[in-house]
Amino acid sequence: MTHSWVQFAAEKENPLIPPWPELVIGLIAFVIVFGFLAKKLLPNINKVLEERREAIEGGIEKAEAAQTEAQSVLEQYKAQLAEARHEAARLRQEAQEQGATLIAEMRAEGQRQREEIVAAGHSQIEADRKAAASALRQDVGKLATELAGKLVGESLEDHARQSRVIDRFLDELEEKAEATR
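Given the structure is predicted, the values throughout are model-derived calculations rather than measurements. (Residues numbered from 1 in each chain as written. Predicted model: local features only at pLDDT ≥ 70, side-chain atom pairs only at ≥ 80, totals over all residues. Heavy atoms only, no water.)

## Details of the overall build of the protein
Each helix and strand counted, the protein has three helices and zero strands in total. Expressed as a percentage of the 181 residues in the protein, the buried residues total 4%. Of the accessible surface of the protein, which amounts to about 16,300 Å², a share of 62% is contributed by carbon and sulfur atoms. (Helix = DSSP H or I, 4+ residues; strand = E, 2+ residues; numbered from the N terminus. Buried < 20%, exposed > 50% of the residue type's maximum accessible area, 1.4 Å probe, protein only. Areas by Shrake-Rupley, 256 points an atom, 1.4 Å probe, with all protein chains shown as cover.)

## Points about the pattern of salt bridges
Per the stated rule, a full pass over the model turns up seven salt bridges. A salt bridge links Arg-90 to Glu-87; the shortest N-O distance between them is 2.2 Å. In this pair, Arg-90 and Glu-87 are both assigned in helix H2 (residues 20-152), three residues apart and thus about one turn of the helix distant. Arg-90 gets classed as partly exposed once you look at its relative accessible area, which sits at 34%. One salt bridge connects Glu-116 with Arg-112, and the closest N-O pair in it is separated by 2.1 Å. Note that Glu-116 and Arg-112 are positioned in helix H2 at a spacing of four residues, about one turn of the helix. Residue classification places Arg-112 among the partly exposed residues on the basis of a relative accessible area of 37%. Salt bridges sharing partners connect three or more residues here, namely Glu-50, Arg-53 and Glu-57. (Salt bridge = Lys/Arg side-chain N within 4 Å of Asp/Glu carboxyl O.)

What follows is the structure, given as structure tokens:
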């Protein structure tokens, strides 16, 4: 039985280890396929990977450039916004100052016009008073002359004398009125 066991072991080799000639042919075929892949396929794969890496890096650089540009535009926008706010505040302040100036000018103009109207009113009143006093003097003079003529019994038609008498009489009345004030 021992003999059959050795024979059986020799007939049955390890299935995991191929025979030497197959192993050498497989190894040569592997080197040929590996060499072909290394010479033809690997450069193309490396080229595609390099292009992809460059595209990714270029995309990152473009993104960083775009982000930098966006940040710059944002800063410019913020600066313009701050400048616009400052300009609006300045314009608002100028408008308030101009409004205050305009109001002051209008008040001064109104005051001036009021004073002109009051002065014109006083002038008109004074002119009307003088006209009324003159008309009153004439009327009082005529009445006084007529009354004196009726009392004396003769006509006092001499205008010069009549005017002097009337003026003297009225002046005395005015002096008495001023003295009582």
